[in-house]
Amino acid sequence: MELNFPTAEELAAALRAGEVTSVELTDEAIDRIERDDKAINAICVPDFDRARAAARDADQARARGEDRPLLGVPVTVKECYDIAGLPTTWGMPAYRDHLPAEDAVQVARLRAAGAVVLGKTNVPLGLQDLQSFNELYGTTNNPWDHDRTAGGSSGGSAAALAAGFGTLSLGTDLAGSLRTPAHFCGVYAHKPTVGLAATRGMVPPDTPAWPMELDLAVAGPMARTARDLSLLLDVMAGPDPLTYGLAYDVALPPARHQRLEDFRVLVIDEHPFLPTGSAVRAGVNRVADALADGGARVERHSPLLPDLAEAATLYTLLLFSGSVARFPVEEYEQLRIQAAGLSADDQSLDAARLRGMVFSHRDWLEVNNRRELHRHGWRQFFAEFDAVVCPITPTPAFPHDHDPDLLARRIDIDGVEYPFFDQLVWAGLATMPGLPATAVPAGRSDEGLPVGVQLIGPMFEDRTPLRLAELLEQRIGGFQAPR
């Protein structure tokens, strides 16, 4: 496997200079997939014939003098996005023959920008796991260690990028689904501010692809460099043309600063609900040292930081209220009986998960009001700071765990077991209030596994954590291909 892969920015420049054709790039990407993906299983729905046709069209368009941001650049798309003529299943066998008639809005934007779509990347069943495996398409392995997960639910996209299968990928994030796979595979990802990128056509296959506002969930870019993240985000950003797009245009403010020494950053690596593993703590410290050495103002504590325990509880309640909203009535009743038996003193995340599963609308509104208090707290925080640096999960990629009882699974943190879903607290820190968060590589563990951290920024100031990610990349390096 090659030790270095070109960036989307580099490929676009080479295409503009006439140094290479899109057909050549596409054929090379397809050859690499056919050679290397048997061991990784990242590309679950190849679309090579149409990709080659799109590459020929891109070369012809360029010969006519056209130029678009991604004209002729090969990319991949997460399986959950509708692509006309390809199956959208979310890993569910019942929908193996579901063929959408039109592209998701983000796929349409990719094509309008000139990108060549190589195919779709693997996901977990129903997108509800931190791993990517399902009965239809099998298991996606981490390119760094095939016995470990590539993450989920955008695990196929992260693995594809790490293995050199295209330069960019579309992912989604509800519970760290962009950031966790990026962290596990050593690539970059950006969870945009909630609502920044339209999500029409990113719905379960039994749901009409109508425009809607999703709670917590976002569409976002994945790449091998921070600059490529910005390139793809510019293509993705903007409201749905069927709704808010009728009245609004997107106008993201510029990054707050261009120089590292002007940034004010809070670094946190401890959470009240579970410890941070030594490998991830070392990655956080590596980034903190690079920031300080570069002249940034780095703090480790601030009374302005919203309460982490309450934030995790609110996120858990909101997340699980949505994840089981369509459960059969019989299952819901069983959950309701279990929740009624909880002690009022039980404030564990296990209890929050169960309570969230049986939320009434009244319950949800109360938690949503508390979320607004947190959002206001973050506005006050970001008046004094520009970003937060913190973990994405408490460990690097863990070994495959296909226990169907997700609530019974455990995560090993330096030899001690904790509930599997407790590790979502770090992802939820940005997701619950809807803040942007950029996942960046932060070195490797003693076992040689990638370690990443997230940079959380102010709402709708996505360019601020993205710029900080670029500056960090210059100081500590970024993506390295698995060897």
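As the structure is a computational prediction, the values presented were derived from the model and not from experiment.

Enquirer: What am I meant to see in the packing of aromatic side chains here?
Expert: The relative placement of two aromatic rings is captured by the distance of their centres and the angle of their planes. Within this structure, the stated rule accounts for 10 aromatic pairs. Ring geometry for Phe381 and Phe382: centres 5.0 Å apart, planes at 85°, overall edge-to-face. A centroid spacing of 5.6 Å and a plane angle of 85° characterise the contact between Phe398 and Phe420, whose relative ring orientation is edge-to-face. In this pair, Phe398 is assigned in the loop between β13 (387-390) and β14 (410-413) and Phe420 in the loop between β15 (416-419) and α13 (425-431), connecting sequence segments 22 residues apart. Cluster of aromatic residues (ring-pair linked, three or more members): Phe184, Phe320, Phe398, Phe420 and Phe421. Just above the ring of Phe385 sits the side chain of Arg297; from NZ or CZ to the centre is 5.1 Å. When the ring centre of Phe420 is taken as origin, the NZ or CZ atom of Arg409, which lies over that ring, is 4.9 Å away.

Enquirer: Help me out: how do you make sense of the nonpolar core in this one?
Expert: Here is a general trend for soluble globular proteins: nonpolar side chains tend to be buried in one another's company. With 67 residues, the main nonpolar core has Leu70, Tyr81, Leu291, Val389 and Leu468 as its most contacted residues. Those residues in contact with Val389, other than ones at most four positions away along the chain, are Val265, Leu266, Val267, Ile268, Val284, Val287, Leu291, Val453, Gln454 and Leu455. Judged by nonpolar contacts, the second largest core, of 48 residues, contains Val324, Ala339, Phe381 and Leu429.

Enquirer: Looking at this structure, I do not really get the environment of Phe398. What am I missing?
Expert: For Phe398, a relative accessible area of 8% gives the class buried. Between the C-alpha atom of Phe398 and that of Asp350, which follows or precedes it by 48 residues, the distance is 21 Å. Here Phe398 is in contact with Leu130, Gln131, Arg148, Thr149, Phe184, Ile411, Phe420 and Gln423, once residues within four sequence places are set aside.

Enquirer: Would you explain helix α7 (residues 226-236) in this entry?
Expert: Most of α7 is tucked away, with 8 of its 11 residues classed as buried. Those residues of α7 lying buried are Ala226, Asp228, Leu229, Ser230, Leu232, Leu233, Val235 and Met236.

Enquirer: I'm lost on the state of the cysteines in this one. Help?
Expert: Here a disulfide denotes one covalent bond, and it connects the sulfur atoms of two cysteines. For the coordinates displayed, the defined rule picks out 0 disulfides. Cysteine Cys390 is unpaired, with the sulfur of Cys185 as its nearest cysteine sulfur at 19 Å. Take Cys390: its relative accessible area is 0%, and that puts it in the buried class.

Enquirer: Mind showing me how you'd approach the environment of Phe479 here?
Expert: Within the secondary structure layout, Phe479 lies in the segment after α14 (463-476). Relative accessible area serves as the criterion here: at 16%, Phe479 is assigned to the buried category. Placed 124 residues apart in sequence, Phe479 and Arg355 show a C-alpha to C-alpha distance of 40 Å. Those residues in contact with Phe479, other than ones at most four positions away along the chain, are Phe5, Leu161, Ala162, Gly186, Val187, Tyr188, Arg224 and Pro441.

Enquirer: Help me understand the side chain of Thr276, please; the structure alone is not making it clear to me.
Expert: Structurally, Thr276 can be placed in the loop between β11 (264-267) and α8 (278-293). Judged by relative accessible area, Thr276 falls into the buried class, the value being 5%. A distance of 2.5 Å separates the side chain of Thr276 from the backbone oxygen of Asp269, its partner in a polar contact. With near-sequence residues (within four places) excluded, Thr276 lies in contact with Asp269, Glu270, Arg281, Pro391, Pro394, Ile413 and Trp426.

Enquirer: Looking at this structure, how should I read the packing of helix α4 (residues 105-112) against α7?
Expert: In the contact formed by α4 and α7, the axes pass within 9 Å of each other and the chain directions differ by 115°. Taken together, α4 and α7 sit at an angle that is classed as roughly perpendicular. In the packing of α4 onto α7, the handedness of the crossing is right-handed. Together, Gln106, Arg109 and Leu110 of α4 and Leu232, Val235 and Met236 of α7 make up the contact between the two elements. Each residue belonging to the contact of α4 with α7 can be placed in one class, and the counts come to 4 nonpolar, 1 polar and 1 charged.

Enquirer: Can you help me understand unusual backbone geometry in this one?
Expert: Trans is the common state for peptide bonds, and a negative phi is the common state for residues other than glycine. The step from Gly152 to Ser153 runs through a cis peptide bond, and the omega angle for that step is 5°. Within the element layout of this structure, Ser153 appears in the loop between β7 (145-149) and α5 (155-163). Positive phi is not limited to glycine here, since Trp90 has a value of about 55°.

Cut-offs and rules
- Residues numbered from 1 in each chain as written.
- Predicted model: local features only at pLDDT ≥ 70, side-chain atom pairs only at ≥ 80, totals over all residues.
- Heavy atoms only, no water.
- Phe/Tyr/Trp six-rings, centres within 6.5 Å; stacked < 30°, edge-to-face > 60°.
- Helix = DSSP H or I, 4+ residues; strand = E, 2+ residues; numbered from the N terminus.
- Lys NZ or Arg CZ within 6 Å of the ring centre and 35° of its normal.
- Core = buried A, V, L, I, M, F, W, Y, C linked by side-chain atoms within 4.5 Å.
- Buried < 20%, exposed > 50% of the residue type's maximum accessible area, 1.4 Å probe, protein only.
- Contact = heavy atoms within 4.5 Å.
- Disulfide = S-S within 2.5 Å.
- Polar contact = N/O pair within 3.5 Å; in protein donor to acceptor, adjacent residues only side chain to side chain.
- Axes fitted to C-alpha atoms, helices over the stretch in contact; angles between N-to-C directions.
- Parallel < 35°, antiparallel > 145°, perpendicular 65-115°, else oblique.
- Left-handed = near helix turned anticlockwise from the far one by under 90°.
- Nonpolar A, V, L, I, M, F, W, Y, C, P; charged D, E, K, R; others polar.

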